[in-house]
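# Structural description and commentary
Chain by chain, the residues run as shown.
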Amino acid sequence: MSDNTGLTRRSVLTTGAAAAVLAATGPQLVTPAQAQTPKRGGTFRMTVLADPLHFDPHQTLSFVTMVPLSFVYSRLVKVKAGPSVKPMTYPIEPDLAESWTQTSDTTYVFKLRKGVRWHNKPPVNGRELTADDIKYTYERFLSIAGNPNKPVLEYVDKIEAVDKHTVKFTLKEPNAWFLDLLASTSTWIVAKECVEKFGDLKKVESVVGTGPWMLERWEPNVKLSYVRNPNYYFPGLPYADAVELLIDKDPASRLATWLAGKTDFGPEYQQAVRWLDAPIARQRKPGLQTAEYTWFTSGATGFKLATPPFGDIRVRRALARASNLAEVFESLAFSQGRWTPNPAVPAAFADWSIPIDQLGPEGRKLYEFNTAEAKKLLAEAGLPNGFKTTVEAAATVYGPDYDDFVQITLKNWAAAGIQGDLKQKEYGAFITSTIFGKFDGMFLGLRGAWADPEAYFYRWYMPGQALNVWGVNDPKLTEMIRLQRRTFDVPKRKQIVFDIQRYLAEQALFGVDGSIRILSAWDSHVKNFMPNNGFDFGGRLIAAWLDK
Amino acid sequence: MRAYVLRRLVVAVPSLLIASLIVFTLPRLIPGDVVQLMLEEKAYGKDLEDLRAKLGLNRPIPVQYVDWLGAVVRGNLGESLWTRQPVLSELARRLPVSAALGALALAVAIVIGVPIGVIAAVRQDGVLDFFARSLAVLGLSVPAFVMAILVTLLPAIWWGWTPRTQFVPFATSPAAFVLQLVLPAVILGITSAAGIMRLTRGMLLEVLRHDYVRTAWAKGLREREVVLKHALKNAVIPVITVLGLQVAAIAGGAVVIEWVFGIPGMGQFLVDAIVQRDYPVIQGINLMIVVIIVASNLLVDLTYAFLDPRIRY
């Protein structure tokens, strides 16, 4: 496999590297190399870290909601899944859309699959999905107050249901990322009847989709149970009769559950097993299949340029120089020294993240931990004794490795004279207020919600964006971001995206961070599965099956 | 006896009233405004004042307290601020789970603690006594949550087996329901058992030196009769006092044990409610815990009277 993934020889052989690419009408199916006929039936069991905040995809960014919805809902296009897709790459394939054409820089016409039916549950009761559903969903997406994912589609001017199975999107301006953005795991197609009946989509009863499984039951603190959608629009799929997401907030318990064979996948987010636990997992689970790759998730540092002293570039550089990424990633049970430094676009975007050695000289220095240099920079900024600030962090859900990351970071900042007073905030409030700018001094969180690289600079640095908590309003940067969006030629766009990352590093407009090279693991009896980044856990299981 | 019971019941009323005031006030002292949280997180209202009014949190706290207490007396613990579900119905679902866990843990504490304490006292300074005291120190030293994690994880690593199961409600299978609580109850009960064992041993040693026990020996009674019939009955009165206190300790320990074993009882419910500043839920759960503790202490008092008819406070 490529340099970007650490697929084991065993997993390559068993999942079939020579995967046959089937017609673009559905996910990748089992490969000839496996010479095995997929088996119907069984239940996929995996652990998740927390209960959903609620079930309305237009009211949250959070993975605790989006992951459970990925088993139930569909979207027009999706990120392709299966053994033929290397982790860290995100090719697009049709989902509810059968095909599409781009008739101009700003016009896209999608032909929907015919005969797609909603789950046979009230209040939708299995009626056929039509273009009006697409129009309704995205108009709600764009008009509902407080949708944190609005930037995904905010450049859309109008959506028209041309006929029962044709939808036309007209954009306000060209956007080369449009299809990637439509494949986001926030663009699920929802039913008007559910919103009308329940007022919103927060209640579990309102979860009615067109996806591979139907949400049967949610037992808070226990599990989410799904059953197979017998009318799924890809005939014969999904293979598994049911899915169970076991809600387990304790990492030791999650690991024990998996080692004891009560779940089929690695116990952490994205089916990962912590590197510390990997040897015992391999010992206990003969034939364990694994893939090593860099995940999206990484630290996120928030501060406001308008709040002294963060407007001073020397202070921002000092923050970076005081951060010891190597110590963080060598200490965590999750990484045990396996990590990749991230520029503005996470390294998990193999095609779009600039290698650190291609940054400018000042940008490269950000990744060189040096307490003395940090102190010197602070002194030059008129802060010879450093400064004090508050640092907000999420109190729950992210787990002990995140807590360690926060503590190590604060310790190293303190050594350079930056005294962070830690203020822990309830996860729900953190994800809905702190990261949107409701903090005094700084925050330390996680990023990694989006499967399109543009989000990592568009949402964070474009003036007017809710996540631009830094308050960046730099005409040069804004113009570069606009230019790349108008550039359909991929190599040219990539150069602009690299330039943006060089510029952001030069200006030290983000806290330096890195991502773990995680080890996703799945049991030997799980076939035709390949993990990847992003919330679409359900999508990656559609064509997987259980050989038990 | 009836007068004694009535007196104890009357004394319990002010205890409950004072506890209700504390239960109502303390959650409001936790830093963080639930209205702010709700507005930010789920856009429940137009603005802070609108939402505060919707939730009835704009009235003076004494008025809120009197309203709440009046509703409690009528059997209404209010609604969760977040889910709008009645607290009582949530408690009705979760309380039996926690109560079963707590009762089992207490049973474990008694079954382990009292006999070992008796044996240790009777074989004072012998091998059994040494062994029992060492076990007690170990039981007191290792926190329940550490034990829970080790018991969950180590068998999985060594033998590919874990006691952690998917929770089975009582209605689905009463046997499976009880079975899944046994191990958490043992872990929860061990710390209490250690304390009970030490106290039983100490009290029994003291009682065994009393004149009436010496008389019993002199009469030629068998050891079994002297210890169990004459000495133990008097020795366990302080132990029973401690049992009442152990109910509170077990209720506290259950929060973490429920977390590790994935038991959807009141412990997890309480942690979530505290994090979300869900006042009615925090009040409801704490009030329920207070009622249980007051009731168990009442039971302890009544047991005194049964064990020693001279006791009439």
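Residues numbered from 1 in each chain as written. Chains lettered and ligands numbered in written order. Predicted model: local features only at pLDDT ≥ 70, side-chain atom pairs only at ≥ 80, totals over all residues.

## Observations concerning the overall build of chain B
- Along its length, chain B carries 12 helices and zero strands.
- Ordered by position from the N terminus, the helices and strands of chain B form the series α-α-α-α-α-α-α-α-α-α-α-α.
- Counting the 313 residues in chain B, one finds 38% classified as buried.
- Within chain B, counting contacts between residues at least 6 apart in sequence, those at least 24 apart form 73% of the total. (Helix = DSSP H or I, 4+ residues; strand = E, 2+ residues; numbered from the N terminus. Buried ≥ 20, exposed ≤ 12 C-beta atoms within 10 Å, placed from the backbone. Contact = placed C-beta atoms within 7 Å.)

## Remarks on the overall build of chain A
- Looking only at helices and strands, chain A features 16 helices and 19 strands.
- In summary, chain A has a C-alpha radius of gyration of 23 Å against a globular reference of 24 Å for 548 residues, a match within 12%.
- By principal-axis analysis of the C-alpha atoms, chain A measures approximately 70 × 55 × 45 Å.
- Taking all 548 residues of chain A together, the buried fraction comes to 56%. (Rg over C-alpha atoms; globule rule 2.2 N^0.38 Å.)

## Considering the sheet that holds strand 7 (residues 166–171) of chain A
All names here are of chain A.
- Strand order in this open sheet of four strands is 4-5-7-6, and the pairing throughout is antiparallel. Edge strands, defined here as strands with exactly one partner in the open sheet, are strand 4 (97–104) and strand 6 (156–163). Each neighbouring strand pair of the sheet contributes to a mean axis angle of 20°, computed without reference to strand direction.
- For strand 5 (residues 107–112) and strand 7, the ladder comprises five bridges, and the chain directions are antiparallel. Note that in strand 7 the partner of Val109 across the bridge is Lys168.
- Relative to the sheet, helix 3 (residues 131–143) contacts strand 5, strand 6 and strand 7, its axis offset from that of strand 6 by approximately 165°. (Pairing = 2+ DSSP bridges. Axes fitted to C-alpha atoms, helices over the stretch in contact; angles between N-to-C directions.)

## Remarks on the interface of chain A and chain B
- The interface of chain A with chain B comprises 28 residues on the first partner and 23 residues on the second.
- Of all elements in the fold, only helix 6 (251–259), helix 7 (278–284) and helix 13 (427–432) of chain A reach the threshold of two or more residues within the side of chain A that touches chain B.
- At six residues, the largest contribution of residues to the side of chain A that touches chain B is made by helix 6 of chain A.
- By residue class, the composition of the side of chain A that touches chain B is 11 nonpolar, 10 polar and seven charged. (Nonpolar A, V, L, I, M, F, W, Y, C, P; charged D, E, K, R; others polar.)

## A look at helix 5 (residues 87–122) of chain B
- Here helix 5 of chain B is 36 residues long and its end C-alpha atoms lie 50 Å apart, about the 52 Å a rise of 1.5 Å per residue gives.
- Most pronounced at Arg94 of chain B, the bend in helix 5 of chain B amounts to some 35°, and the proline Pro96 of chain B follows within four residues. (Expected span 1.5 Å × (residues − 1). Bend = angle between axes of the 7 residues up to and from the residue.)

## A look at unusual backbone geometry
All names here are of chain A.
- Each neighbour pair has its own omega, and for Pro122 with Pro123 the value is 0°, a cis peptide bond.
- Summarising the element assignment, Pro123 is placed in the loop between strand 5 and helix 3.
- Cis rather than trans, the peptide bond between Leu237 and Pro238 has omega equal to -5°.
- Tracing the backbone through its elements, the reader meets Pro238 in the loop between strand 9 (223–228) and strand 10 (242–247).

## Quick look at the sheet that holds strand 8 (residues 213–219) of chain A
All names here are of chain A.
- With respect to topology, four strands assemble into an open sheet ordered 1-10-9-8, the strand pairing being mixed. Among the strands making up the open sheet, the edge pair consists of strand 1 (43–48) and strand 8. Between one strand axis and the next, the sheet turns through 15° on average, direction left out of account.
- One ladder, built from six bridges, connects strand 1 with strand 10; its direction is parallel. If you follow Val48 over to strand 10, its bridge partner there is Ile247.

## What about the pairing of strand 12 (residues 289–303) of chain A?
Residue and element names in this part refer to chain A.
- Where burial is concerned, most of strand 12 is hidden: 14 out of the 15 residues are buried.
- Note: strand 12 against strand 16 (residues 442–447), six bridges, orientation antiparallel. Bridge pairing links Phe303 to Met442 in strand 16.

## Things to note about the environment of Ser296 of chain B
Residues and elements named next belong to chain B.
- Relative to the helices and strands, Ser296 resides in helix 12 (residues 279–307).
- A tally of 19 C-beta atoms within 10 Å means that Ser296 is categorised as partly exposed.
- Linking Ser296 and Ile282, residues 14 residues apart in sequence, is a C-alpha distance of 21 Å.
- In contact with Ser296, other than residues within four places in its own chain, are Gly244 and Val247.

## Observations concerning the environment of Ile293 of chain B
All names here are of chain B.
- Positionally, Ile293 belongs in helix 12.
- Between the C-alpha atom of Ile293 and that of Phe261, which follows or precedes it by 32 residues, the distance is 24 Å.
- The contacts of Ile293, once residues within four sequence positions are left out, are Val247 and Ala248.

## With respect to the packing of helix 7 (residues 144–159) of chain B against helix 10 (residues 223–261) of chain B
All names here are of chain B.
- In the contact formed by helix 7 and helix 10, the axes pass within 9 Å of each other and the chain directions differ by 20°. In terms of axis orientation, helix 7 runs roughly parallel to helix 10. In the crossing of helix 7 with helix 10, the sense of the turn from one axis to the other is right-handed. Residues Ala144, Phe145, Ala148, Ile149 and Thr152 of helix 7 touch helix 10, and the partners they reach there are Gly253, Val256, Ile257, Val260 and Phe261.
- Here the contact of helix 7 with helix 10 is composed, by residue class, of eight nonpolar, two polar and no charged. (Parallel < 35°, antiparallel > 145°, perpendicular 65-115°, else oblique. Left-handed = near helix turned anticlockwise from the far one by under 90°.)

## What about the environment of Lys233 of chain B?
- Mapped onto the elements of the fold, Lys233 of chain B is located in helix 10.
- Residues Lys233 of chain B and Pro60 of chain B lie 173 residues apart in sequence; the distance between their C-alpha atoms is 53 Å.

## Considering the pairing of strand 10 of chain A
Residues and elements named next belong to chain A.
- For strand 10, the buried fraction is high: five of the six residues fall into the buried class.
- The pairing of strand 9 with strand 10 spans five bridges and is antiparallel. Bridge pairing in strand 10 places Val227 opposite Ala242.

## Considering the packing of helix 9 (residues 211–218) of chain B against helix 10 of chain B
Residues and elements named next belong to chain B.
- One can describe the packing of helix 9 onto helix 10 by two numbers: an axis separation of 10 Å at closest approach and a directional angle of 150°. Here helix 10 runs roughly antiparallel to helix 9, going by the angle between their axes. Helix 10 is crossed by helix 9, and the crossing has right-handed handedness. Residues Tyr212, Val213, Ala216 and Trp217 of helix 9 form the contact with helix 10, whose participating residues are Val226, His230 and Ala231.
- Residues of the contact of helix 9 with helix 10, tallied by class, amount to six nonpolar, one polar and no charged.

## Quick look at the confidence of the model for chain B
- Per-residue pLDDT for chain B has a mean of 84; in total, 91% of the residues score no lower than 70.
- Reported confidence for the predicted complex is 0.72 by ipTM and 0.82 by pTM. (pLDDT = per-residue confidence, 0-100.)

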